[in-house]
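The lines below spell out each chain.
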Amino acid sequence: MNTDKIYAEQIANEYAPKQTSKVKALKRLDAKAKKPATIFSFTFGIISSLVLGTGMSLAMGVIGGGTPLMIALGIVIGCVGIVGVSVNYPIYKKILIKSKNKYASDIIRLANEIASEN
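Reference entry: report on the structure contained in this document. The structure displayed is predicted, hence computed values, not measured ones.

1. Comments concerning the packing of aromatic side chains
For the structure on display, the rule yields two aromatic pairs. Note on Phe40 and Phe44: the rings are 5.3 Å apart at their centroids and 10° apart in plane angle, and the pair reads as stacked. Separated by four residues within a single helix, Phe40 and Phe44 lie in helix H2 (residues 22-60), roughly one turn from each other. For Phe44, a relative accessible area of 26% puts it in the partly exposed group.

Structure (structure tokens):
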């Protein structure tokens, strides 16, 4: 009988309008500022790693038959992959800084409101 009441309250809470707190809004803004840089870095890093792996496979003769042309092509492709992997973090930092600057005023304003309430 008491469990029925608890269950009914849980269902009612699911359909009741949600009240968002300022802390949740601040966390959401922070995540929104960091998301573009994170998505780019994962995507670019994965692609660069695959390019590097393809180059290594060509250079070692695993794919491409091991001919001198394929080995040379593998070295070039591998170097392109190494460059991509190497510049991934600096590009991530630049995108992150740009994105943080975009949302900085809103985040600082909201953080100051929260700090002044407590």
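2. Points about the pattern of salt bridges
Tallying each qualifying case throughout the model produces three salt bridges. Where Lys34 meets Asp30, a salt bridge forms, and the shortest distance between an N and an O atom there is 3.3 Å. One end of the pair, Lys34, and the other, Asp30, are both in helix H2, four residues apart, so they sit about a helical turn from each other. Where salt bridges share partners, they join Lys22, Arg109 and Glu113 into one cluster.

3. Here's the deal with the nonpolar core
The biggest cluster of nonpolar side chains holds six residues, and these are Leu29, Ala33, Tyr103, Ile107, Leu110 and Ile114. Looking at this core, the elements that each hand over two or more residues are H2 and helix H3 (68-117). With four residues, H3 is the largest single contributor of residues to this core. Ignoring sequence-local partners within four residues, the contact set of Tyr103 consists of Leu29, Lys32 and Ala33.

Parameters at a glance
Residues numbered from 1 in each chain as written. Predicted model: local features only at pLDDT ≥ 70, side-chain atom pairs only at ≥ 80, totals over all residues. Heavy atoms only, no water. Phe/Tyr/Trp six-rings, centres within 6.5 Å; stacked < 30°, edge-to-face > 60°. Helix = DSSP H or I, 4+ residues; strand = E, 2+ residues; numbered from the N terminus. Buried < 20%, exposed > 50% of the residue type's maximum accessible area, 1.4 Å probe, protein only. Salt bridge = Lys/Arg side-chain N within 4 Å of Asp/Glu carboxyl O. Core = buried A, V, L, I, M, F, W, Y, C linked by side-chain atoms within 4.5 Å. Contact = heavy atoms within 4.5 Å.

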